[in-house]
Amino acid sequence: MSAPTSTPRTEPFKAPVGTRDVLPPESARWQALIAAFAGQVGRAGYGLVQSPMFEEIGVFARMGEGTDVVRKEMYDFLDKGERHLALRPEGTASVARAYVQHRPATPWKVWYAAPSFRYERPQAGRYRQHHQLGVEALGSPDPDVDVEVIALLWDFYASLGLRQVELVLNSMGTADDRRGYIDEVRSFLIGRVRDLDPTDAEKVEAHPMRVLDSKRPVTIAAIADVPAITDRLSDEAVAHFDRVKAGLTALGIPFRLEPRLVRGLDYYTHTTFEMVSGALDAAQSTIGGGGRYDGLVESLGGPATPGIGFGSGIERVLLTCDAEGVFDTVPTGVDVYVVDTTGGAAARDLSVELRRAGIAADRAFDGRSMKSQMKSADRSGARVVLIVGSDELDSGSVTVRPLRGEGDQQRVERAAVVASVAALLADPT
Ligand code: HAM
């Protein structure tokens, strides 16, 4: 790796491939989405967790040595102390590591809104840095926690106005069920290895579940009659899954059972689920996914602790909102715009005084003309413009002009203007 250089470039820099800048006004929508999510999960007792953006790489190995995320997509590096670290590819392993380290009381219910990094082939809805809204609930094996978690995600999408979301549901059974099933799938695939796409055929011995997860048409056709895990569940797993299905039905949450839904990560046991949008291209239509991972905490060196959660990609959720025409750009802007044609000192002081009083205020810079400042005022969304011209300056006053039909313009004494604007905004009549 060569050292960075400051030699001038002919081409301007761009954000790295597979990443994107989120700028206003789009960023206001992000804020609103995260705030809606925080409200929803906060009302269910979930607290915000912030974990580092990078971890020792071993934390993420538990997601499965055979998964693409671990084998091919990890942003790993040696730091200057020769530690092998990786940028977080998802939130669950980091949260489980934090749980093992801090041992909070259970049930430990947390949420996050965090960037995740995967070296994937970028395309619409698939990025190398994406952002997930997620929850994790650790410490309880109760299937009603599964129902709570799924209902949170379902209701969140509904609260945004999304209507074309399908819940796809499966159970991977207990760890023993899963192991037995993996052996069975391996035997099944060995019998059909010639019919599989060559890339999938290589995975049969070591990672047969990854073949079930394949998106390659040749493989999908070859495994159409693979045994279903749901036919092989232990009594314990059946009872758990029945309770989950009954809970969803009681809450009016429709679902489609899909016995081949194994998901792309290896830590899942019992309930697994995905939320798929009918409004997006099939390749990137999964807007959220999750499930139970009852062995993950133990594999990270903690006590046996069950857990369940989900992650939902902010980018994909917003693409879905666009496709369904809901959750429009949230108007941002200010309440008051200060126009000053007397040199800017009045605008400088007034805008700060207004903000100190809790009023959203903006102003123009660079001594621009009255006309140009009034244009900016209009664009700002402000309901009130404060005008300071030479008349006002001489008489120690400010003109207060409601912009959106909220009464007549009036002159107010400079010292009283903030209070007067506050009163006007509170009661425009
Ligand atoms: P995941 O299915 O790998 O699960 O990712 C969750 C969601 O993140 C996906 O449904 C998708 O919306 C979004 N996503 C994933 N990769 C990308 C990408 N490259 N570009 C854009 N969006 C993406 C997990 O990560 C698990 N940690 C979920 C979980 C939480 N399971 C239990 N708890």
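Remember, predicted model here, so these are calculated numbers, not experimental data. Residue numbers run consecutively from 1 along every chain, following the written order of its sequence. It should be noted that, the model being predicted, local features are given only for residues of pLDDT at least 70 and side-chain atom pairs only at 80 or more, the latter also being counted only at that level, while totals for whole chains, interfaces and linings use all residues. Side-chain numbers come from the whole structure's heavy atoms, not from hydrogens or water.

1. Section: the pairing of strand 4 (residues 84-87)
The side chains of a regular strand alternate between the sheet's two faces.
Phase 1: Inspection of the sheet shows strand 2 (residues 54-56) paired to strand 4 by 3 bridges, in the antiparallel sense. Counterpart to glutamate 56 in the pairing with strand 4 is leucine 85.
Phase 2: The pairing of strand 3 (residues 76-78) with strand 4 spans 3 bridges and is classified as antiparallel. If you follow phenylalanine 77 over to strand 4, its bridge partner there is leucine 85.
Phase 3: Being paired, for any two strands, means DSSP has found at least two bridges between them. Only runs of H or I of at least four residues qualify as helices and only runs of E of at least two qualify as strands under DSSP, and these elements are numbered from the N terminus. Between strand 3 and the antiparallel strand that follows it, strand 4, lie 5 residues; glutamate 82 among them carries a positive phi value of about 65°.

2. Looking at helix 4 (residues 92-102)
Phase 1: To sort residues, take the accessible area from a 1.4 Å probe on protein chains only and compare it with the maximum for the residue type: under 20% means buried, over 50% means exposed, and anything in between is partly exposed. Counting buried positions along helix 4 gives 9 out of 11 residues, so the element sits mostly inside the fold.
Phase 2: Within helix 4 the residues assigned to the buried category are Thr92, Ala93, Ser94, Val95, Ala96, Arg97, Ala98, Tyr99 and Val100.
Phase 3: Any pair of residues with heavy atoms lying within 4.5 Å of one another is described as a contacting pair. The secondary structure elements touched by the buried residues of helix 4 are strand 2, helix 2 (57-61), strand 5 (108-117), strand 6 (129-138) and helix 11 (296-299).

3. Describing the nonpolar core
Phase 1: Residues grouped as a nonpolar core are buried Ala, Val, Leu, Ile, Met, Phe, Trp, Tyr and Cys residues, joined through side-chain atoms within 4.5 Å. Met63, Trp108, Leu189 and Leu212 are the most contacted members of the largest nonpolar core, which totals 44 residues.
Phase 2: Elements with a contribution of two residues or more to this core: helix 2, helix 3 (68-71), helix 4, strand 5, helix 6 (175-190), helix 8 (208-212) and helix 11.
Phase 3: At 6 residues, helix 4 tops the list of elements feeding residues into this core.
Phase 4: For methionine 63, the residues in contact, after removing those within four places along its chain, are Val69, Val70, Pro89, Glu90, Ala93, Leu265, Asp266 and Tyr267.
Phase 5: Counting 39 residues, the second largest nonpolar core, distinct from the first, contains Trp30, Leu133, Val147 and Ala151.

4. Thoughts on unusual backbone geometry
Phase 1: Residue proline 25 is bonded to the preceding proline 24 through a cis peptide linkage, with omega at 5°.
Phase 2: Each neighbour pair has its own omega, and for threonine 106 with proline 107 the value is -5°, a cis peptide bond.
Phase 3: Relative to the elements of secondary structure, proline 107 occurs in the loop between helix 4 and strand 5.
Phase 4: Of note, the phi angle at glutamate 82 is positive, near 65°, even though the residue is not glycine.
Phase 5: For glutamate 82, the location among the structural elements is in the loop between strand 3 and strand 4.
Phase 6: In this structure, arginine 263 is a non-glycine residue whose phi angle is positive, near 65°.
Phase 7: Inspection of the secondary structure puts arginine 263 in the loop between strand 8 (256-257) and strand 9 (269-277).

So yeah, pure geometry; function would need other evidence.
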